[in-house]
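Inside the fold
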Amino acid sequence: FIGYVTKAEDILTLVEFINKHGQNIAGVFVDPISGDNDQPYIDQKTIDLWPLLIALSDFAFPNLTEIKLYSGLPSEEKSVKLHIEAFEQRFPKLDYVVTSYQDGKKYGVLLKYSFQHLFIKHKYYNKKIDGTGDVFAAYYLKYYLFENTDHLHSCKKALSIILKLIRKTIINDLAELEI
């Protein structure tokens, strides 16, 4: 699992490692942690190199800002659906999940695996809570890698836990996810 990478050189090192040792790696899972709320928080050089690593990955946990950063479309493009289509064209073999996805007036998680898309609806909570994506990814990987649960059920189980933690966090009026 590869997450927060702060230096462009580290991306190149990881790409080289995967290319050299790929036959010994069961799967590459990435969270291209690069930004949130339509704002990048890593340097442009690192953003420019992340697609090299995403292209070698089997599964990703991007948020909507990261989908937009790596879709290849101009940042001025407002259509999330166009960004998702462009992201998938750029990384056609990549499976991924996007949490905090909005489809019209419905909120939920968008899961793409085996060339199919599933939207798992959930209640919308109007509160920004830090850490939800990281904890979701950790539970998802727990179920998928360690309990041999398929993508759909890994996603549903991780989402169920996150929603419980979000409710607990809101009740306790905290800014970060209470685990």
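Here the structure is shown first, and the text comes after it.
The following refers to the structure shown. On a predicted model such as this, the values are computed, not experimentally measured, just so you know. (Residues numbered from 1 in each chain as written. Predicted model: local features only at pLDDT ≥ 70, side-chain atom pairs only at ≥ 80, totals over all residues. Heavy atoms only, no water.)

Right, let's get into the sheet that holds strand β4 (residues 59-60). Ordered by their spatial adjacency, 5 strands build an open sheet running β1-β4-β5-β6-β7, and the pairing between neighbours is mixed. The sheet is open, and its two edges are formed by β1 (29-30) and β7 (116-122), each paired on a single side. Strand direction decides the pairing type here: strand β5 (residues 95-103) and strand β6 (residues 106-113), joined by 6 bridges, are antiparallel. The residue of β6 that forms the bridge with Gln102 is Tyr107. Its contacts with the sheet place helix α4 (residues 80-90) against β5, β6 and β7, and it is angled at close to 175° to β5. (Pairing = 2+ DSSP bridges. Helix = DSSP H or I, 4+ residues; strand = E, 2+ residues; numbered from the N terminus. Contact = heavy atoms within 4.5 Å. Axes fitted to C-alpha atoms, helices over the stretch in contact; angles between N-to-C directions.)

Time to look at the pattern of salt bridges. Under the defined criterion, the tally for this structure stands at 8 salt bridges. Of the charged contacts, one joins Asp36 and Lys128 as a salt bridge, the two residues approaching to 3.3 Å between their closest N and O atoms. Here Lys128 lies in the loop between β7 and α5 (132-146) and Asp36 lies in strand β2 (residues 35-36), a separation of 92 residues in the sequence. One salt bridge connects Asp95 with Lys112, and the closest N-O pair in it is separated by 3.9 Å. Here Asp95 is found in strand β5, whereas its partner Lys112 is found in strand β6, with 17 residues between them in sequence. (Salt bridge = Lys/Arg side-chain N within 4 Å of Asp/Glu carboxyl O.)

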